[in-house]
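# Close look at the chain arrangement
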Amino acid sequence: MTLLGSCCRCAGALAVVPLAVILAVMFETPTVTMLRTGGSSPREDASDAAPLDPRLREPTSLDATEEAKDGPAAPRMGSGNMFDRIAFAYDAANKWMSFGLDQHWRTTMVKDCLQLRPDDRVLDLATGTADVSILVGQELRRLGASVRDAVLGVDPSNEMLRRGVAKVQQNGLEHVVRLVKGDAQDLRTVQVIDAEGTLAEKSPGAREASVDKISMSFGIRNVPDRAKALREMRRVLDPSQQSRVCILELSLPTGETFLSRLARSFITEVVPLIGWVATMGSGGEEYEYLERSILRFPKPLDFARELQAAWLPVERITSFAYGAVNLYTAAPA
């Protein structure tokens, strides 16, 4: 497939999405599903709110990443090395795929879910190019925070982080936001990185009960062992009533309504094409993986059960884009 041909196909695919549908997504009222809170056992279902799916099997620890088509020597799909290859186009592709709403969803997570206070210590996992870390840093600065390095942004991709460090500096947040290379499954050691992509020696990461708020946007799908990462979140989270875990993630819409079916088709048909074009033909396999990772990710209530099993019961699920994007608000049990 030539680049010109893909551009034409992408344009054609986008053209079939009526302007009214795009506007509907932009101005929709998010759907909120409330779940029971109060530190119940991870194996108890909600009785006075939406029940968790009774057909759910126990969470598994299967690797969420994939071997690349080029074999085991190539970067695994979903790994930090994979994101190194598409980092140059990541921000632009996100905006195209979301009609520019990705920042709105991130801002909603920061302002409505995290419930930041001036003295909060915030861990932003899968920080990527630091969009959420920067939003958190700006909000803390607005609140009058004086804590140095109040935001710790962690990601496994050197190239994403390198671009993130530059954005942090452009926003004047060097003393508020610190970006490091690390693994969401084990945060005990990290590596500081600079705008040139130079990694420092390994240093201590997040200690037990050392952070007040945890954010993660569009990254939990790519963690090899989700259950391990969720347990690690619980380990480093302060067990106070003010602590929060906010996870923003893509999901395949149910297709129960016309607009939901269109959103579902957009993910399965248009997203890989946009990724191919955004990376100028070099990221086709990566964005095909993106589609598959969305198809494999648990349904919202099923993922809520995974969080509950890690003693992070979900208080509510806020759904955007007719079920394509979900924001999970959890607190320590």
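So, how was this worked out
Residues numbered from 1 in each chain as written. Predicted model: local features only at pLDDT ≥ 70, side-chain atom pairs only at ≥ 80, totals over all residues. Heavy atoms only, no water. Helix = DSSP H or I, 4+ residues; strand = E, 2+ residues; numbered from the N terminus. Buried < 20%, exposed > 50% of the residue type's maximum accessible area, 1.4 Å probe, protein only. Contact = heavy atoms within 4.5 Å. Areas by Shrake-Rupley, 256 points an atom, 1.4 Å probe, with all protein chains shown as cover. Phe/Tyr/Trp six-rings, centres within 6.5 Å; stacked < 30°, edge-to-face > 60°. Polar contact = N/O pair within 3.5 Å; in protein donor to acceptor, adjacent residues only side chain to side chain. Salt bridge = Lys/Arg side-chain N within 4 Å of Asp/Glu carboxyl O. Expected span 1.5 Å × (residues − 1). Core = buried A, V, L, I, M, F, W, Y, C linked by side-chain atoms within 4.5 Å. pLDDT = per-residue confidence, 0-100.

### Some thoughts on the overall build of the protein
Along the backbone of the protein there are 10 helices and 10 strands. Classification of the 333 residues of the protein by burial places 54% in the buried group. A sequence separation of at least 24 residues applies to 72% of the contacts in the protein between residues at least 6 apart. If you sum the accessible surface of the protein, you get close to 15100 Å²; carbon and sulfur atoms cover 54% of it.

### Examining the packing of aromatic side chains
Tallied over the entire structure, the rule returns four aromatic pairs. Between F303 and Y328 the ring centres are 4.9 Å apart and the planes differ by 80°, which places this aromatic pair in the edge-to-face class. Of the two residues, F303 sits in helix α10 (residues 300–309) while Y328 sits in strand β10 (residues 325–330), which places them 25 residues apart along the sequence. What makes F303 buried here is its relative accessible area of 0%. On the basis of relative accessibility, which here comes to 1%, the residue Y328 falls in the buried class. These aromatic residues form a ring-pair network of at least three members: F297, F303 and Y328.

### Re the side chain of Q185
Within the secondary structure layout, Q185 lies in the loop between β4 (177–183) and β5 (186–192). Take Q185: its relative accessible area is 13%, and that puts it in the buried class. Among the polar contacts listed, one links the side chain of Q185 to the backbone nitrogen of D225, at a separation of 3.0 Å. Not counting chain neighbours up to four residues away, the residues in contact with Q185 comprise V223, P224, D225, K228, A229 and E232.

### Describing the environment of V176
For V176, the location among the structural elements is in the loop between α6 (158–170) and β4. Classification of V176 as buried rests on a relative accessible area of 17%. Separated by 40 residues in the primary sequence, V176 and V136 place their C-alpha atoms 9.4 Å from one another. Those residues within four positions of V176 in sequence are excluded, and the remaining contacts are G137, D149, A150 and V151.

### A short note on the pattern of salt bridges
Across all of its chains, the model carries 18 salt bridges by this definition. D238 is paired through a salt bridge with R121; the nearest N and O atoms lie 3.8 Å apart. With D238 in the loop between α7 (226–236) and β8 (244–250) and R121 in the loop between α4 (102–113) and β2 (122–125), this pair connects stretches of sequence that are 117 residues apart. For K167, the salt bridge is made with D131, and the minimal N-O distance between the two is 2.6 Å. Here D131 lies in helix α5 (residues 131–142) and K167 lies in helix α6, a separation of 36 residues in the sequence. The pair K167 / D131 is uniform in exposure class, with both members buried. Salt bridges sharing common partners tie together D91, D102, R106, D131 and K167.

### Comments concerning α5
End to end, α5 covers 17 Å across 12 residues, agreeing with the expected 16 Å (1.5 Å per residue, within 8%). Every buried residue belonging to α5 is among D131, V132, S133, I134, L135, V136, G137, E139 and L140, and all of these are buried. Two residues or fewer after α5 comes G144, characterised by a positive phi angle close to 85°.

### Observations regarding α7
Each full turn of the α-helix corresponds to 3.6 residues, which orients residues three or four apart in the same direction. Every buried residue of α7 is listed here: R226, A229, L230, E232, M233, R234 and V236. Looking at the buried residues of α7, the elements they touch are β2, β5, β7 (213–217), β8 and α10.

### Concerning the nonpolar core
Grouped together as the largest cluster of nonpolar side chains are 54 residues, with contacts concentrated most on W105, V136 and V325. Top contributing element to this core by residue count: helix α3 (residues 80–97), with eight residues. Setting aside residues no more than four positions away along its own chain, W105 makes contact with S98, F218, L248, F320, A321 and V325. Counting residues in each nonpolar core, the second largest holds 32 residues, with L237, I247, L312 and A330 among its members.

### Here we look at the environment of K181
On the secondary structure map, K181 appears in strand β4. Since its relative accessible area comes to 24%, K181 is described here as partly exposed. Between the C-alpha atoms of K181 and G80, which are 101 residues apart in sequence, the distance is 9.5 Å. In contact with K181, not counting residues within four places along its chain, are D155, P156, N158, L161, V190, Q191 and L199.

### As for the environment of R148
For R148, the position within the fold is in the loop between α5 and β3 (151–155). In this structure the C-alpha to C-alpha distance between R148 and H175, which are 27 residues apart in sequence, comes to 5.6 Å. Among the polar contacts made by the side chain of R148, one reaches the side chain of H175 at a distance of 2.9 Å.

### Some words on the confidence of the model for the protein
Per-chain confidence: the protein averages 85 in pLDDT, with 80% of residues scoring 70 or above. Considering only residues more than four positions removed or in separate chains, one finds that residues 12–16, a stretch of pLDDT under 50, has five contacts.

### Quick notes on the side chain of R244
Residue placement: R244 occurs in strand β8. Of the polar contacts made by the side chain of R244, one reaches the backbone oxygen of Q241; its length is 3.0 Å. Those residues in contact with R244, other than ones at most four positions away along the chain, are C113, L114, Q115, D212, K213, I214, L237, E315, T329, A330 and A331.

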